[in-house]
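Geometric and topological summary
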Amino acid sequence: MGSDENRGAAAKARQVPPPQLPAGPLREFKEYLYRLYLDAGAPTLAGIAAAVGECDDLPGAPGKDTVARILRGDTLPGRDDAVSVAAVLAARAGRSPEEAQEAVRARWAEASAHRPPRPRTLRLWEQSALGVRRAPAVDGSDPGTHTEYVERAHDRELRDQLRQAAGGGKRRSVLAVLAGAPGTGRTRAAYRAVEQALPDWPLLNPARGPEELLALVAADAVPARTVLWLDDLARYLDGGTGEEVATVLAALLDRAAPIVVIGTIRTDQLRRLTDRPGPAGDGHPRARALLNTWLTELDVPDSMAGHLPEVAENATRDPRLAAALRAAAADGRVLQHLTGGPVLVRRYEQGPGHFFTEIEHALISAAADARRIGHAGPLPPDLLAEAVGGYLPDTARVTGDGWLIAAVDALCRPSGEHGHRGLAALAAVRETPGLGPADGYRITDYLDRHLRRRRGHLCPPATLWDAVAHHARTTDDLDAVAAAARDRRRYGHALHLYRRSADEGSRAARAAATALLAELGDRAGAERAAADDPRAWMLLAAATEASGDRAAAERAYAVAADHGEPQAWAALARLHEQGQDPGGAEQLASRALLLGHPQAWTALARLREHAADHAGAARAYQEAAWGGDAWAWTGLSRVHRNNGDLADAELTCLEAAVVGAVTTGADLVRCHWEAGDPAAAEAAAERAGRAGTAEGWTALARLRETAGDPAGAETAYRRAAALGTALAWAQVARLRETAGDPAGADDAAARAARLGDAYAWSELARRRERAGDGAAADHAAAWAARAGDPEAWTALARLRESAGDRTGADLAATRAAAHGDPEAWAALSRIRERAGDRAAAELAVREAVAAGGDGAWTALGRVREHQDPEAAARAYRHGTELGDADAWAALGRLHEQDGDRVGARRAYGHAVDGGDSGAWEGLRRVAGAGGPPHQDLDHRPYGLTAAGRPAARADVLRPWQA
């Protein structure tokens, strides 16, 4: 089939890089072809094209560029061209061309079936396909119409945002997210705004989840002037691929202007994604960066209280609204009653055998538990069928054929009372392309929210964990549920789920399983689980080192290094350096450098710098710098500067600048400043600014301010801000406020907010409140909340309560809650409790709970513990009713202190079952460490070892022992 061997070695050396695509049929298609290409010896593109042209029996005729797109591109090529290329590559690799052609045809057909849909405008979409629910008629019929719409503030704001994206002038992409509680009309508000502002824009709805969204972007199928519809935004940003989704969305918003991404989300989910990282680490750095930079948050209130006259007017023409208005009474929660949410909850709470049959009630519980433990995607029917048995008594498991279809059909039909059809318990969805029966189900948000509280202390039965392991369709769902099993000490289920996910290609699952097996003391199993994954070996090495086994840790780091992990070399060098073997450390660093990994020398340099070995640190930094680590030059400059060698420090900074280390501008500024040459320092900042970095100006600003030159500092901060540094604008705002220029401070804070940082407004609010200017503080806090930081209102609430301004504190807390931050009311409850006003404290904590603060009672209980343990216990019991696992753990601690081991075991057990892994230690103590597993733990799949550690059964480790 032709040859390209005579085309020269130089041409053969230019190997096509591997395809980079999200998981899915298109990636599988490309990867199959790319493996053929490698097996064939990576021939040149021209040679492949020539070989195809020499074979008259091949259907395609691709040129060199087409061959490149077939192997590397991110779109689906023509079938005949791909089949022809596969035949040529298979022949060169000594494999059957006919089998390769057949395999490519099959993979091409699968990828073609999953092509991104053609864009269509909003008018061509069924509203139900976008998640917009109808309000059923009182008599139970479905008129196919919606109630009259009552416009609220968020509707006007959203419409204005979308019109700005579509209008003339400077066009900017928009990420608009409607945040609020389930059943408040978020999705319909989004639909109506697009209908009014962007009716002619194509709308893409990747309803199958993150993988479909990633495929759309990879296929370049989201052009400018498109609406990307992301109902339930947390589904896209909060799973295992959430960080990847955040990255591609940020790039899309920046590249395809103007584009509109519109989504809905629960307020608590949005706060979790945007909150600053805590001690447990940063789980959503890219999602938080995306939201802080691009988000326009529109808060959808859960009440129509401010619009009841309009609702009442519409109710005179619509009996559905009239019925909802009567049910809502004075609380204004018309929308929830309109969709039947409270009725649905009441029907569930009646228990099985009343409104819902035993099987229907069990299916609802199973669906709610699956969502609660992390299964974000639609639940496949087979998953529900396998899981539901664990929720039924023996007598209810006797049934005939067709039971699942009959039960889910009933649950997908809206159900209400007194002839008023309400909200369905489940929603049927179809992820498979084309028309056909449902292939998955979602629990209704309103019911899901209730059952998260109602069942939060319960661990799902074994049938659910096993059903997820057998039938979950994505590694995101498998990994999330595995983590939930691990937190609940269901290690066997966790390992089973991780194994399934690893088999599906999740490297994160392999690493997590390795770490878990190491924690359980099964080092051999951990090594088998790690296989050839360098990240997993790094985790195993770190766990082994933490246990004190340095020799085993060194062996694990060596395996990670052999599998291509650069940081493993750094860890090996560190172990030798810490073991008083600097020669061995340097030998390892030199070996790593030969392989292109200078990080080991950098790690040695940092250790020696910390140990005040300046000569050794300088030598190691020099080796790393010569080996290609640009940051090592900055370390070397720092060593010189600390030794007083300012001339050498400056020369090293210049070397660093040449190789692109961005902090060198700041280092040079410091060198010149410490040498007493402020003019040279400013010149260094200027040079760094021309290179595109603000580090030099920021460093100069700090030095000038420390030296008592606020005017010079502000000038430098403004130069840094002009390069796009939001924090520099925040500093300008602070300096303007200090100088008595509130208008200038406002302007600088607004500029910072436009760059995605609301901190400037928040800090102004605090400063103005402390200065006694409440009106100006309110102004700044309002802007901070609009920019995404409602905690400014929370800070004002605390300050005003401390100053004795209870009315002002209540007002600030109300505004914080309206923007999704219940912590203001929770904080007021604790402050008032400490002041001895228990009644006011409980009123505040109830406001916090109404705003979504499920942990408010638990926090209040902690304040009460030292003074009144019984009152603390009452608060904790309120917390348990909200599904707060922390409340169960705190209650267990109180019982333990009182000597009530039975009560403590029960409370600690519920905390562990609710996902509070820290409660395990309390359970271990009251179960009697040192002896056999306590009888009360027999329902758990794990007992306690003689040392009090969790012991996994041998059979649950078996999947990793093959």
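Scroll up for the structure.
Read on for an overview of the structure. Since this is a predicted model, take the numbers as computed values, not measurements. (Residues numbered from 1 in each chain as written. Predicted model: local features only at pLDDT ≥ 70, side-chain atom pairs only at ≥ 80, totals over all residues. Heavy atoms only, no water.)

What to know about the environment of alanine 218
Examined against the element boundaries, alanine 218 turns out to sit in helix H9 (residues 210-218). Exposure remark for alanine 218: the relative accessible area of 15% places this residue in the buried category. In sequence terms alanine 218 and threonine 75 are 143 residues apart; their C-alpha atoms lie 7.9 Å from each other. (Helix = DSSP H or I, 4+ residues; strand = E, 2+ residues; numbered from the N terminus. Buried < 20%, exposed > 50% of the residue type's maximum accessible area, 1.4 Å probe, protein only.)

Some words on the sheet that holds strand E5 (residues 260-265)
Strands sit in the order E1-E3-E4-E5-E2-E6 across an open sheet of 6 strands; the sheet is mixed. Strands with a single pairing partner mark the edges of an open sheet, and in this sheet they are strand E1 (120-121) and strand E6 (295-299). (Pairing = 2+ DSSP bridges.)

Describing the pattern of salt bridges
Summed over all chains, the structure comprises 55 salt bridges. Taking the shortest distance from any N to any O, the salt bridge between arginine 766 and glutamate 763 comes out at 3.9 Å. Note that arginine 766 and glutamate 763 are positioned in helix H41 (residues 759-770) at a spacing of 3 residues, about one turn of the helix. Of the two residues examined, arginine 766 and glutamate 763, each falls in the buried class. Look at the salt bridges and you will find they share partners, linking Glu801, Arg806, Asp810, Arg832 and Asp837 into a network. (Salt bridge = Lys/Arg side-chain N within 4 Å of Asp/Glu carboxyl O.)

A few points about the nonpolar core
Ranked by size, the top nonpolar core spans 95 residues in total, and within it Leu363, Ile364, Leu447, Leu497 and Tyr498 carry the most contacts. The greatest single-element share of this core, amounting to 8 residues, is contributed by helix H18 (residues 358-372). Judged by nonpolar contacts, the second largest core, of 58 residues, contains Ala685, Ala701, Ala781 and Ala792. (Core = buried A, V, L, I, M, F, W, Y, C linked by side-chain atoms within 4.5 Å.)

Details of the environment of alanine 839
Within the secondary structure, alanine 839 is located in helix H46 (residues 838-850). By relative accessible area, which is 54% here, alanine 839 ends up exposed. Between the alpha carbons of alanine 839 and serine 829 there is a distance of 9.4 Å; along the sequence they are 10 residues apart.

Some words on the packing of aromatic side chains
For the structure on display, the rule yields 3 aromatic pairs. Positioned over the ring face of tyrosine 236 is arginine 235, at 5.8 Å from the centre of the ring. (Phe/Tyr/Trp six-rings, centres within 6.5 Å; stacked < 30°, edge-to-face > 60°. Lys NZ or Arg CZ within 6 Å of the ring centre and 35° of its normal.)

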